[in-house]
Structures are given as structure tokens and as C-alpha cells.
Protein chains: 2
Amino acid sequence: MSTKKHVYFFGAGKAEGTGKMKELLGGKGAGLAEMTNIGIPVPPGFTITTEACIYYDQHHGEYPEGLEAQIEENMKRLEETMGKKFGDVENPLLVSVRSGAKMSMPGMMDTVLNLGLNNHTVEGLAEKTQNPRMAYDAYRRFIQMFSNVVLGIKHHEFEFILNEVKEEEGVKQDTELSVQGLRNVIARYLSMLREVEKIHFPQEPKEQLKKAIDAVFESWDTPRAVTYRKLYNIPDDLGTGVNVQAMVFGNMGWDSGTGVAFTRNPSTGEKKFYGEYLLNAQGEDVVAGIRTPNPIDNLPKEMPGVYQQLVDVYQKLESHYRDMQDIEFTIEGGKLFMLQTRTGKRTAQSAIKVAVDMVHEGLITRQEGIMRIEPRQLDQLLHRHIDPKATVEVLATGLPASPGAACGMVVLDPDDACQWVEEGKKVILVRNETSPDDIHGMAVAQGILTARGGMTSHAAVVARGMGKCCVAGCEAIKVDGHGKQFTVKDKIIKEGDFITLDGSTGRVILGQAPTIEPEMSEEGRILLQWADEIKRLGVRTNADDPKSAGIAREFGAQGIGLCRTEHMFFAEDRLPIMQEMILANDEKERRQALDKLLPMQKEDFIGIFKAMDGLPVTIRLLDPPLHEFLPKHEELLVELATLKATKGDQNKIKEIQDLLHKVETLREVNPMLGLRGCRLGITYPEVSQMQTRAIFEAACELTKEGCKVLPEVMIPLVGDVQELKLQKDLTDKVAKETFEKYGLAVDYLVGTMIELPRAAITADKIASEAQFFSFGTNDLTQTTFGFSRDDAEGKFLDRYLEQGVLPQNPFEVLDREGVGELVKIGIEKGRTTKPNLKVGICGEHGGEPNSVEFCHLANLTYVSCSPYRVPIARLAAAQAKIKNG
Amino acid sequence: MSTKKHVYFFGAGKAEGTGKMKELLGGKGAGLAEMTNIGIPVPPGFTITTEACIYYDQHHGEYPEGLEAQIEENMKRLEETMGKKFGDVENPLLVSVRSGAKMSMPGMMDTVLNLGLNNHTVEGLAEKTQNPRMAYDAYRRFIQMFSNVVLGIKHHEFEFILNEVKEEEGVKQDTELSVQGLRNVIARYLSMLREVEKIHFPQEPKEQLKKAIDAVFESWDTPRAVTYRKLYNIPDDLGTGVNVQAMVFGNMGWDSGTGVAFTRNPSTGEKKFYGEYLLNAQGEDVVAGIRTPNPIDNLPKEMPGVYQQLVDVYQKLESHYRDMQDIEFTIEGGKLFMLQTRTGKRTAQSAIKVAVDMVHEGLITRQEGIMRIEPRQLDQLLHRHIDPKATVEVLATGLPASPGAACGMVVLDPDDACQWVEEGKKVILVRNETSPDDIHGMAVAQGILTARGGMTSHAAVVARGMGKCCVAGCEAIKVDGHGKQFTVKDKIIKEGDFITLDGSTGRVILGQAPTIEPEMSEEGRILLQWADEIKRLGVRTNADDPKSAGIAREFGAQGIGLCRTEHMFFAEDRLPIMQEMILANDEKERRQALDKLLPMQKEDFIGIFKAMDGLPVTIRLLDPPLHEFLPKHEELLVELATLKATKGDQNKIKEIQDLLHKVETLREVNPMLGLRGCRLGITYPEVSQMQTRAIFEAACELTKEGCKVLPEVMIPLVGDVQELKLQKDLTDKVAKETFEKYGLAVDYLVGTMIELPRAAITADKIASEAQFFSFGTNDLTQTTFGFSRDDAEGKFLDRYLEQGVLPQNPFEVLDREGVGELVKIGIEKGRTTKPNLKVGICGEHGGEPNSVEFCHLANLTYVSCSPYRVPIARLAAAQAKIKNG
């Protein structure tokens, strides 16, 4: 009768499995098999299949037929290979037992090392190694590890005993314990288990092994593991493999040792073997930092033969895996063993250099090189960042809302910010949350810190637009605007104190942390050039001023996909005129104010068009609710109440009452769903007339100067084709008038945002009037989910993400299932009417790699994102093309 | 060569056209042909086809070949039929010229009467009729009418002359003018036209006729007509017919006369000929009310022969048209002529009686009877209404937000309302707008009047739910809460003054207008019974308390489709506990408050379940943002500022500061898109636990008493299936616990609102956890359009409707193109997962006929609407079935 094969051996240069058998052997098992097969010296061992685990789980702890016999048989083979015997008192074989599923899964069983030790074999080990301290320490650790991982006994029971003995011996470190001390620890461990936990610690190695294997099997169904799988949609019937591997010891003497290394420099990417080692030491000693390890460059002198082996091995591994490897090795009695090889973690800079070098070395293709870079990593390269070597005091951590680093003095008021900056100081603006009123302060600050609001809060969006560092929603800080300070727990940070923000991690650091300059290396440019050659999606930028437009162009933007025209109106010299316009009593007064705004707005466009000479510029007409430009209702209320209560000046009271009345007229219960977007332009056509006139006059003047201007007028918040038609007709009329005035014509387009569900659903009708679509996925996400981003983030959305109600924040990563479906409907319907309709996206998602992939799949024409995300989008677009064709 | 037939004659008992040729002859032309053909005496004449009009318009005023000849030929025939001659001085034929398109269209040409008169024929007419006054007056009117309608001269030029002559003669009424006076008027009219307008008034009748016909043709393309067609999607290529008809005169002497009549009573529906007449008079005299007309019952005595003719005619018309007719007739020299017959306008009561009677008479089928009633009319029957006979002083008109009539003293504060009502007064609550804080005042008021907000504003929705009269958004009133008064223009209405509201028309009436009781007649019950037998859709009601539930059941509701659980918490005795719950510092405190709410909530459900014994009751868990239950932020701000400014009590300041802080924590920028709906139940599961426990305990207790309870728990604002699953699991757990406690089980369902675009888009997934869907089309309309109903109505939405950007208010009539499409997607996807999924609708649209038709077409299971709309929905559902099968 033939039974199924449940166990795969590896050792002595040959493995029964291969690197491709991840499904059956788990990731780790497949890796060990692969290394063995390509002749890498790996401590031998065997892997129990994931199928066996599944059987065990489905049969209430029963083994499949033949498994027990196969384990025994493979243990024999392992003993033969190692020349040691499991449970032998003189030359005991010790093994490690580890879990290993197809994909790495937290919540599964940890490693058990030194399995096979007992009261007898420990003596043999001590004798054989001539190192009783090592042997007893290994046994002590094994008891603790096994009890914890396999038997479920809490660590602190052991820590208590360990401390007791250390006190008795008057020592502080574990390593200072005497051999007798360690023996005492072992004895007390065992008696505690016996007396308190009623457990006889298994002395029989075979029993230890069976229990450890069972524990791995069972760890597949722990609640943590089940939850994790549910969250990440990992099927429940994969199971985990079990890896049993012979122990090797780097602390067997001065011909032994241990080390870790990278095949190339993980920080810079330089092609040079990089690592450190310790002789007569175990792996954990390198990590613990008790002894200072030696740089790997010293090894050739100390152990030339071993070093040469190591070089052969690492080169073999790198060319086999075709990527930079992070390796762990142990030398036992002059013999090299590889314990692990895995893809090495690296900085963005290193990742790019390694990828480009490997392409040049012919090791990988350009496509592979591009796929090697996590697009998000590029953020690191494009912003000033905190020197990773510096020691810093982290006050609190908020959301990494806009990357980079910024250092300055704390100010709590935007006006103060302006004044301090005029005095030559650098400031960080700290607010509960920001509003358009704060723009002037934000503009001059080095960085922005808010206590509330999420990744797409006002502060975050504006800061990213400005390419300015921002930490948002840092709930640990309590802002006291009146007291001109903020607190973190019981620490008070006053106005004028220095803090440093790390916008890439969300850290708020006390004092002035050293920062380093961003750098786009030569390799980075090459890589992005390759990406451009591959990608199908265009990449534009969201930019509202010539400076950001210029930066974005530098970063490879192929045009502006969103130029918001309202940000311009928050400027200090314009806000009063804007307010005049809004507070106008009739159309005539409104037109007078608009006449004053026209030349200013025209200047804006001239600057942007110049910066984008030859590239298209999509200009969105006025979008936000008008009351955003007015004094705050609450402030007026308080001012009025105070004036009245103190019997203040009657004229002043009257003045504020009038203003309050106007503000109240414009005030809305849900401004996000109120009088904004094209509803403004339809209600006050003269506003759209002014804006389009400014666009076309600017375009005409520059055309005369020989500049190539490609304006695309974009109508926001359209829900019905009639809205678009009204604004398009108005635009065409103004264009015609302006072209007549200048005696020339400029090619232009009129299109619309698709940012309401109704726009997507009726896109076939809307397309009849639109020359392009641009999906505003910020607003579309808000209305599709019914989430106000101002309210959801930092409130229930956090809880939703914690509880796994939603897998990710839909304001960061485009929700393919809901919002994405509407985008697809919109594109499909739009192209039913106009097959070649140009379709872009200009929400925050345009610079987020997963969302960029969606845009590629949905057949969009281009994505548009903030300037500093342009390189990310270029890379992500290329990856999407490579992945999906 | 045969030319096309452009002109259709009718007269002497035979018409060339028929009633079916509306396309070619227009509605009026077809009607005249039809009457002629069935032997009704109609003044003869002819109709020029709509095709001729189209040709004229497309050929810049050219007539199609043969038209001119055909007109001439038909005029001859008319002369022969009438025995008069066009332009003849002795016995002149006079005609009327009228437009008449396929569908009635305002903006088209008005009537020209008495065409054919000139300086000579007028003498003949005077001679022939022996009535020179009549003849000159007819000529005067003709000049004025023709000049105005055909030549485009403004009326006031003629009025000026007319007044001049009246002054000269020292008379006040036109009718008092002497023959010489009328001759003077005519002379001055003609000279004014000649001198001022440089027009020689056409004296040649043929020229008059041609000009009048051309004017009708041209009126098809006036801007007003074009706009109207665009608005109502009427094709531009229909054209209008031109009707030329012999004039008959009721003022030829005492054997002549004129009258109007209805074939049945238009007010009550009684089957009795009903009308009035005047002898020796023209139609306009009856209307003008200068002489008091006689009731038709007198006619048999005065002119028995003519009366018998009239009876024959009206009976023939009614049985021919199979509907109650509104007829106009003229008697010229003892001869009866019918000038018009059309479907008679009638009250709701009359409409129902006529329909049911006609079914019983075998004249129409039940289906036809049902189709005869405009569902909206039923509103009139179900609410107290203002006696239509009363003379009232209308102060202003707002939106007819909740039908019925209410009379009471003005109060401007909800607390005052309660106090006044306790003192035995009846009050009308007048507010700028209402909020949940005002509920207690609204509950005791007779009616509610608001200055702001639309048809679905808080005031409107709550009032309709309460079956209470409400006029909303009455922008003409200025509410001065502090001054305890409101003003309309310069009229001041003080607290305590009586006003009357007409919720069916939006009128605000000064003083106590007499009102009459609603009445559902026996015929009404029969008709709705027939409707129930025909309709496929179920009709449920939205009711939050036993009283409305009972009313709705009385009106035929088949269950409750939406029971809002939050309205209960606004009651005076509960609000403080609710606030305690919201302001709780931790879960424990919150649970304590909830424990107090549990028995109250249970009592609510017991009452509702009892009222709905045997019918399903859908209960929606807590939905609104919590801050709706708290004091208003603005009020706290003002109170605090005032206290601070006046150095008030420190403890009080502290207390308000704390409350303010809590309110600020809960405050949201866009509450509609914030922490509400199931987000509440997921954030605070203990709230859902309390509510579901109250539901199941109530159900168990009543089941023990033998009551049949069918609870359906509805989870609001679900956007992702995970949200539903969490709340469903919680509900099932509480149900299980409760059933164990009571030792019995009650059948129940758990379902969800579909009120977010994402819910519709992912309905297939949501259906896996839902036992029913209920479309919340209020919220779905808000998110699909991105319109906040609080902000849109009364602001830009009004302008959108005026400008025709949207054809109708989507909060009133379900937007089929956008919202409806999402509803269809939701149903289709939901039923992909569960083919028999029960699907309802519980938005305001559930009681709106057009939307009910959509629900029928979309294959919903039921609609749910406010109690007073249940009969409307029943009728609309039957009509939808009849119309669409």
C-alpha cells in the first residue's frame, strides 16, 4: 500500500522539494529546499506539508496515514546526515521547529530552538562543546520557549525566576549568570512548571518534537490567524508547513561564529558585500548588541577559507534569486551554514540603484527593474527627510499627511506665523485643524501640524499641493490656541519652542532634528525614463501656481490635470475683493468686484501657462462654497454677543450684525452638498465669465508672445448634462469674444469633472456636451460612501479600519468595489457617446499606486496628482502596464 | 396635378376630419370635426392642417401649393352653409380664427373674434341685427384684438382711447357707452393706428383673414412657444392647426343667449345637469359677471325647445366622450350652437363620484374609472381644508409642505407653544426653520409655518409624518423671534394674532378662515377597493407612533415600511435621558442611560405593534447624528460669550464650557455625511442592543397576549456588507437571548436601507446578509446628486427648476435617470444574490404618483409613505399597473 508523501527532506546538497513548491511546503520550506538544491550549505532538515496540517485540522488532531512513520524515517535520515543522534547523551542532535505558510502570516507559531535538550542531553552538549554555560543557557531558553510557544505558559513566570536567581548572584545581565546559576534557573523552571502549572516538562525528545509539530498545526486555527486571513482574503484551507531543521552553533568556540550580511549596500545600493559578524557567538548576540560585531571586511583576515565560501555563496544566491539578498549565516567549527536568505530590505535610493545596476548587469530586464521599486518609496527621495542616523525625541505620532521633514518654531495662529516669518524666523503652524482662512499662515510655515483631520483633510490636501510637510490628525496633542501652547500628555510645548515634523512617518519630534536634502539620483532618472517608455497612462499634475507647476514639470508631469482657481483667492491681497464680490448686494456690485479680480486671475494663468508652455493645462472653475471666503460664523456670533453684553459701540454692533446676517444667508448645513461647483457658476454666471475671460485673455496674450497654450476649461460638480451645457455655452461665448478682441484663436477644450454618482450614471448624456472627463474621486468617494472626509477621518473611519469593516481608507486608496465601479460605469457610458473621449482622474488617488493601477485597468487616459507624487504615478503606471498588459 | 389636402371643412352635420386626427388638425380642429360628425350643432368652419404650418415655417412664410386656393374654396363653402357672405355689407359673414396644436400649448396665438368686420360690414351687421350697439362694440373689440394679436400693438394704447371717450361721456363702464361713443372710439382707434403706429388697419376681410392665419402659423415659433416645447420635450416639427369658424351671436335679441354648463355637478359629482345662462348676451358677459346669469333649471321654462336640444346634446356628448363634459353654447335666433366641449374640471370628490357612477352605469370600466382620478387630488379629501367659498386675506404664499388647513394664534417659540396650548389655546408655530429641538412645540401646534426650507425640510417631513398642516419656505415672511412677531412687507403679525394656513396650496391667511371637515366618501372607498384588486405593489406607511399607525391602517396601509426610532427620543421626558446617554463619559455611563430608555422604547413598540396586529412593522435603528439631540452649538457659544463678557458665575461658565466642548466634539462639518446611521450602532453597539432588545421584548410580550407581531429590523445607511453583518449579528444575538428569556420565538427579519450609491452598486454583496432591502430615496437623492436637501431647496434648486436645468424637484419626484438607475442597479444586483428579495421604498417618494409608477416598473415589492398619502399610493399603484401591465 502506497501512502502519500507528507515529508520532504533537504540536506547534503539535495532536497526532495523545490523553490516552486510554496503551496505544498510553505514559503520557508520551499526556500530551504531551493537553497539546498543549488548547493548552498544549509543545515539539513525536513518539511511537513501544508496538506498534513489541513488533514490534522479537519480530523481533530489526527495525523494522516503514514505521517508519523515518515517523520521518524526523516529524523533518522537527519541523524545520519548530521552524524548525531536525537536524544543521544553523548552527541545529541538538536533541531529547530518553525511554521511556514504559503504567505507570511503574523499570528502563527514562533520558532522553537534547541529542541532535543533534556536533563541528560544537556550534559552531553556541555561535554561535546566544552562549553557548559552555552549548553545550560540553551536548555534554559529551550524550556522557556517551548513552554511559552507550545504549552502556552506566560513569559513572566519565567522572568520572575530568572530575576530571583540574578539577585541571588548579585548580577544584572543574563550573560553574567554562572553555570550553577543557570542550573538553578533550570531546576526552578521545571519545579515551577510541575508545582504551579501541573506540567511535567517533556524530557523525551520525540515527545517534544510531536508536541511542537502539533502546536504548529494548531496555530493555523488560532483566532488571530483566522482574523488575519479573513482580513487579507487568504483562504482558510491553505494550511502551514512545519520545518524541522538541525541546529548549528556559532558559539562552539573561536572557529565558530555568526553573521548577517547584504549582498549590496541596502542604504546606498552600492555593489559591495556589506555586513558584520561575531566569532564564537549566536545569532541573537549580534542583534542584542552586547558585543560589537566586526565589519565583514575583517573576515578574510580571520577566516580566509570561510570568507571565500561566503563570497561564493552570496554571489550564487544573488544570481540565483536575481535580487539583493539579506543573508544569515553560522560558522560551526570552521564550517559555513546558511540559515536564511531573503530579499533584502533597502532604502528607496538603494532600491533604485540596485534595480538599475542589475538591469545594466543583464541580471534582470527593465520591466523587472521597474517592478522592483515600491512606488511609495519614491516619496523618500523627493522630500527633505530626517537624518535616519540621528537620535530624536518623538513627542507623538500623527498621520503622515504630506511627506518630507520640516523644522521650526511652534506658532498657533496663522497671523503670528506671517509676522514671525517676516522677522526672519522659521515656523511650524500648529492648529486643531486648518481652514481656508489659514492659508496665508500655511504658505509661510515650514510645515503644518494638526490635531484633527485625516489624510485628505484641508491641511493635508493643501500641504501636499504646496509640497509642504504636514502631520495631520495627531490626536495625542491638545492644542490651546489661547494659551499659545500645546500639550502632549503632561509635556507642554510653548509658542517659540522648536519642533521637527516627519511627514513621511507622522512623527512629531521635539527640538531641531537634523535633516538631509532630497536627491533624485542618476539611476532614478534612468528608471523613470524606462517607466515612461513602458506606461500607457499619461501623468499630469495638480498645480495651482507657476512654482508647483514648474516642479511638477521637472518631475515629468505631462500637463496640469487640475488647476484649482479658488486657492488663488485666499491670498491676502485678494481675499478682501473676493469678500466684496460675495457680499455684493446685486449683480452690478458683484461685477465691480469681479472686474478687480480679473487682472489678478489673468496674471495667475499667465504664470501657469508659461510654466507649462506646450503642455495642456486643465483649469477648474470656482468650486468651494462661498462662505469659505467669509469670516467664520462662530467668531462673529461670539464677537456680537460680547459687544452686546458689554454695551459696545452701536455702529460696530450694526456692522457685525449685517455681516453676520450675510454669512448666515450663505451658511449651509452640509456645505459639501450645497451651493458650490457649477451651481455657483450657474447662479452667478458673471463669476464664470470673469474666470473664463481671464483664461482666454491670458492664453491670447501668451500666444502672441509665441508661447504654446493649451487651456482645458473644466466645469466642476456637474450632475446633469444641462448644467454642463449652460457653463459650456457661456465659456464658448467668452472665448469667441476674447478671440475677436485679440484677433486670434487658441485651441481649447471644455470638459467636466465626474465627481457625483449621478454624473457617472448619466455619463452618456453628459458626454454629449463634454470634450473630456476628469474623475474627481475625492468628492465621488464622499458621495458614493456618504462619508464627509472632514468628519469621517479621525472619527468613525478610524474605527472602521481598526475593526476591518473597511480594508483601507477609501480616501487614500480608491475603493474599486464601489467608487471604482461608478468610475467604470462613467467611462463606459461616456465612451458609448464619444468613443475616444479623453478621461482623466484628478482626485488624491491619482498619485496612489494601487489606484493608479485601477486607472490603468479602467482605461483612463491620464492620472493627475500633486507635483511630488508625479514620479510615483509614473512608476506605478509602468508597473500597472507590466502587470496587466 | 393633384395637390395635397390642406384644409378640412366641418359644417352641416358632416366634417372632413375626425376626432382621431389630432396630429393633422390639432386638438381643437379634431374636436370640432368630431362634434360635427356626431350631429352636434357646431358653427361651421374649417381647419388648416399642421402640415401647412410646418411648410410655412420651413419656407420663410411661403404657403404650400394649393393652400391659398383651398382656403378660398372653403370660405365659399362656409358662406354657402351660413347663407352669409364674407365682406358683404348687408349680411356679412364673420369668423373667428384660433390656433390649435396637437397638445395644448401656452404661448401660442390667442383667438381673434369677429373677423370680417370693417367700416362697411359693421353697418350691415348693425342693420341686420337691429343692434347697432352690439355691432359697433364688436368692431371695436375686433380692431383691438386683431391689432394686439396679429399686429402686435400693445393693449394700453387702446385702453387710453377708451378711457378718454368714457370720460367725455361721463360713464364708467364700457357697456354704458353710447353708439356714438363707440363710433368715436373706433375712429380714434383707427387714427391712432394710422398716425402713431403708421398702420392702415386692413379693411379688406380677405387680407384680415390671411394676416390672422399667418399670425397663427408664426406663433408656432415664438420664443415662448419654443421654450415651452423644449421644457416639455414636445417636438418642434408638430406645427399648429388654424381653425376658421363662423361667428354666432348670442346677443342678437331675446331669442338669443349664451351659457356654460357641466353634464354633472363638478363640485359633488351628482348626476345632474348643472350650469347657467344669459339671454341676449355674449359669452364674455357670463364670465365678466356684469349681469347675474340664471341657473340652467330656468331654461326649460324660457325656451323649452332649445333646452330639450341642449339636453339631447349634452347626453350625446357625455356618452360619446364617456366623461363629464364642460360645454359652452350659444343660441342665435332660437338656434342652438355648441362652441366647445371639453372634459370638465372637478373637485376630487366629484371626480371620484363621477368615476364610480360611470362604472356602475356601464359607461366605463373599473380600470378607466381608476385612471380618471389624479392621485394627488385625493389629498383634498383627507385633510381639513379651507372652505373654498370663504373670502380670505392671503398674506403670503409658501410651499404647500403638508396638506390640510390649520388655524390658530401665532407663537414663535416651541416652549411658548406648549404653554399656550396648556392654557387651552390653539397655536400655529412660526419659525425661520425648525429643528429637532422644536418637536414638542410642533407636536402641540395646529400647524407649522416656516420662512425657510423646502418640501422636504425638517418642518415639512415631520409635519407630514404627524399629518399636520405645514407651509414651509414662505420667504415673504420675516420672522423676528425676539420681537415675538413676524412681518410680511410692512404688515406686522404679532404673537397671539390669528392666522390660518392652507397646507394644500401654501397660502398663509390672516385671521380665522372657515375650514371644512375631510370626508372619504362611499365612492372613494369603492374606488380604492378596486385599486387594491388591481395593483401589484404593496402599500405600507411611514409611522412612528400608534396614532399615525392606526390612521394609516384605516387608510389601507398593509404594514409599516418605516418606523423611525429617533423621533421618540425627542419627547420632552426622554430628551434629557438621551442627552445623558450621549454625554456619557464611558460605556458604563452610557449603558446606565440606555437602561432608562429601554422601557420607554419598549412601550413605543408595544403601542405600534398592537396598532399593526397581524401586519409587518419595519423598525429602523437610530439614524440621525447625535448632536441633533444636544443644545445648539451657536446658542452655547453666545451664552458663554455673554457670561464671560459680563463676568458671570464661574460655575455656570465652567458648566457651559464643558457642555460646549462635548458638543464641539460631536459637531460635524457635513452631518449628513457623518457619524450617523449604522455608523452609530457600530461605534456604540450598546445603543443597537438597547433598541433591538426593546423590539424583541415588546414582540414577545404581545405574542404572549395573542397579538401577531411581525417585526422587521432595518439597519440604516449601510454602504458595505460588513456594516450590515455586524449589526445583523448583534440583532440575532439579542433576539436569541430575548426569546430564551421569554421562552418563545417570534419570526423576524433583518434587512437594510439602500440609501447610499455604494449600497446600490454593491447590492449583490449586501444581499447576502439582508433579508430585505428598503430604498431610502431621500438620502439616495442627496448623495446621488450631491444635494443637501436642507441647503438645495430654497437656494439653488429653485433657480434650477425655474431655468429648467432640472425638470422637477428630485426630492419630490424620483429622478428616474440618475437615482432611479441606481435603484434599478440595486434591485438587479440584490436579486442576483437572492432572486426573491423583498424590496421596498420608504423615502418621501413612496407617496408621489410618478415615483410610485417607477416603483411598479422597477418591480419593487412595496412602497411606504406617510399615512395621509396611503390612499394616493394605492391609487397610483393601480394606475401604474393599468398603464404598464
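Cut-offs applied
Residues numbered from 1 in each chain as written. Chains lettered and ligands numbered in written order. Predicted model: local features only at pLDDT ≥ 70, side-chain atom pairs only at ≥ 80, totals over all residues. Heavy atoms only, no water. Pairing = 2+ DSSP bridges. Helix = DSSP H or I, 4+ residues; strand = E, 2+ residues; numbered from the N terminus. Axes fitted to C-alpha atoms, helices over the stretch in contact; angles between N-to-C directions. Contact = heavy atoms within 4.5 Å. Least-squares fit on C-alpha atoms with pLDDT ≥ 70 in both. Expected span 1.5 Å × (residues − 1). Buried < 20%, exposed > 50% of the residue type's maximum accessible area, 1.4 Å probe, protein only. Arc of directions from axis to C-beta. Phe/Tyr/Trp six-rings, centres within 6.5 Å; stacked < 30°, edge-to-face > 60°. Core = buried A, V, L, I, M, F, W, Y, C linked by side-chain atoms within 4.5 Å. Buried area = accessible area lost by both parts, 1.4 Å probe. Salt bridge = Lys/Arg side-chain N within 4 Å of Asp/Glu carboxyl O. Polar contact = N/O pair within 3.5 Å; in protein donor to acceptor, adjacent residues only side chain to side chain. Nonpolar A, V, L, I, M, F, W, Y, C, P; charged D, E, K, R; others polar. Patch = residues over 30% accessible without salt bridge, like charges linked within 9 Å, V, L, I, M, F, W, Y side chains within 5 Å. Areas by Shrake-Rupley, 256 points an atom, 1.4 Å probe, with all protein chains shown as cover. Lys, Arg positive; Asp, Glu negative; His and termini not counted. Charge placed at Lys NZ, Arg CZ, Asp CG, Glu CD. Parallel < 35°, antiparallel > 145°, perpendicular 65-115°, else oblique. Left-handed = near helix turned anticlockwise from the far one by under 90°.

Overview of the sheet that holds strand β30 (residues 710–715) of chain B
Residue and element names in this part refer to chain B.
Part 1: The strand order around the closed barrel formed by eight strands is β27-β28-β29-β30-β31-β32-β33-β34, and the pairing between neighbours is parallel. In this sheet, adjacent strand axes meet at a mean angle of 30° when their direction is disregarded.
Part 2: In terms of strand pairing, strand β32 (residues 772–775) meets strand β33 (residues 838–841) through four bridges, oriented parallel. Bridging across to β33, Phe-773 finds its partner in Val-839.
Part 3: In the packing of helix α33 (residues 816–833) onto the sheet, the strands contacted are β32 and β33, and the crossing angle to β32 comes to about 180°.

Points about the relation of the copies chain B and chain A
Part 1: Superposition of chain B onto chain A requires a rotation of 180° combined with a translation of 0.1 Å along the rotation axis, giving an RMSD of 0.2 Å. The superposition of one copy onto the other is thereby described by a two-fold rotation axis.
Part 2: Both copies present the same face, since 100% of the interface residues in chain B are matched by interface residues at the equivalent positions in chain A.

A word on helix α24 (residues 650–666) of chain B
Residues and elements named next belong to chain B.
Part 1: Between the first and last C-alpha of α24 there are 24 Å, a value that for 17 residues agrees with the 24 Å anticipated at 1.5 Å per step.
Part 2: Listed in full, the buried residues belonging to α24 are Ile-653, Ile-656, Leu-660, Val-663 and Leu-666. Buried residues in α24, looked at end-on, bunch into an arc of 145°, giving them a common side. Of the exposed residues in α24, the ones pointing more than 90 degrees away from its buried face are Gln-650, Asn-651 and His-661.

Let's talk about the sheet that holds strand β9 (residues 257–262) of chain B
All names here are of chain B.
Part 1: With antiparallel pairing, five strands are arranged side by side in an open sheet as β11-β10-β9-β12-β13. Each having just a single partner strand, β11 (294–295) and β13 (335–343) make up the two edges of the open sheet.
Part 2: Running over the sheet, helix α12 (residues 304–321) touches β12 (325–332) and β13 and is turned about 25° from β13.

As for the packing of aromatic side chains
Residues and elements named next belong to chain A.
Part 1: Counting across every chain of the model gives 36 aromatic pairs over all chains.
Part 2: With a centroid separation of 6.0 Å and an interplanar angle of 55°, the aromatic rings of Tyr-56 and Tyr-63 are classed as tilted.
Part 3: Residue classification places Tyr-63 among the buried residues on the basis of a relative accessible area of 13%.
Part 4: With a centroid separation of 4.0 Å and an interplanar angle of 5°, the aromatic rings of Phe-273 and Tyr-314 are classed as stacked. With Phe-273 in the loop between β9 (257–262) and β10 (274–279) and Tyr-314 in helix α12 (residues 304–321), this pair connects stretches of sequence that are 41 residues apart. Like Tyr-314, Phe-273 is buried.

Notes on the nonpolar core
When a protein is soluble and globular, its nonpolar side chains tend to lie buried together.
Part 1: Judged by nonpolar contacts, the single largest core of 316 residues is most densely connected at Phe609(A) and Phe609(B).
Part 2: Non-local contacts of Phe609(B), meaning those with residues more than four positions away in its chain, are made with Val617(B), Ile619(B), Ile695(B), Ala698(B), Ala699(B), Leu702(B), Cys707(B), Val709(B) and Pro711(B).

Focus on the interface of chain B and chain A
Interfaces are often described in size by the accessible area the parts lose on coming together.
Part 1: Opposite the 56 residues of chain B that make contact, chain A presents 56 residues.
Part 2: Here chain B packs against chain A, burying approximately 4,900 Å² in sum over the two surfaces, 60% of which is carbon and sulfur.
Part 3: Summed over the shared surface of chain B and chain A, the result is six salt bridges.
Part 4: Taking the shortest distance from any N to any O, the salt bridge between Glu817(B) and Arg758(A) comes out at 3.9 Å.
Part 5: In this structure, the connection of chain B to chain A is made through 24 residue pairs in polar contact (both at pLDDT 80 or more).
Part 6: With seven residues, helix α23 (residues 633–645) of chain B is the largest single contributor of residues to the side of chain B that touches chain A.
Part 7: For the side of chain B that touches chain A, a count of residues per class yields 24 nonpolar, 16 polar and 16 charged.

So, the environment of Gly648(A)
Part 1: Mapped onto the secondary structure, Gly648(A) falls in the loop between α23 (633–645) and α24 (650–666).
Part 2: For Gly648(A), the contacting residues outside a window of four places in its chain are Leu643(A) and Ile653(A).

Side note on the environment of Ile38(B)
Residue and element names in this part refer to chain B.
Part 1: You can see Ile-38 is positioned in the loop between α1 (22–37) and β3 (45–48).
Part 2: Counting along the chain gives 308 residues from Ile-38 to Arg-346, while the straight-line C-alpha distance between them is 25 Å.
Part 3: The residues touching Ile-38, leaving out its near neighbours within four places in the chain, are Lys-316, Leu-317 and His-320.

Notes on a negative patch on the surface
Part 1: Taken together, the side chains of Asp415(A), Glu422(A), Glu572(A) and Asp573(A) define an acidic patch exposed on the protein surface.
Part 2: Within the secondary structure, Asp415(A) sits in helix α16 (residues 414–422).

Structural notes on the packing of helix α3 (residues 67–82) of chain B against helix α8 (residues 205–219) of chain B
Residues and elements named next belong to chain B.
Part 1: Between α3 and α8, whose axes approach to 12 Å, the crossing angle comes to 125°. The orientation of α3 with respect to α8, classified from their angle, is oblique. Of the two possible hands of crossing, α3 and α8 adopt the one that is right-handed. Mapping the contact onto sequence places Leu-67, Ile-71, Glu-72 and Met-75 in α3 and Lys-206, Leu-209, Ile-213 and Phe-217 in α8.
Part 2: When the residues that make up the contact of α3 with α8 are grouped by side-chain class, the tally is six nonpolar, no polar and two charged.

Quick look at the pattern of salt bridges
When charged atoms on two side chains of opposite charge get close, those side chains can pair.
Residues and elements named next belong to chain A.
Part 1: Going through the model one piece at a time under the given rule, you end up with 121 salt bridges over all chains.
Part 2: A salt bridge links Asp-532 to Arg-874; the shortest N-O distance between them is 2.7 Å. With Asp-532 in helix α19 (residues 522–534) and Arg-874 in helix α35 (residues 870–884), this residue pair connects regions lying 342 residues apart in the sequence.
Part 3: For Arg-874, a relative accessible area of 9% corresponds to the buried category.
Part 4: For Glu-587, the salt bridge identified is with Arg-591, shortest N-O distance 3.0 Å.

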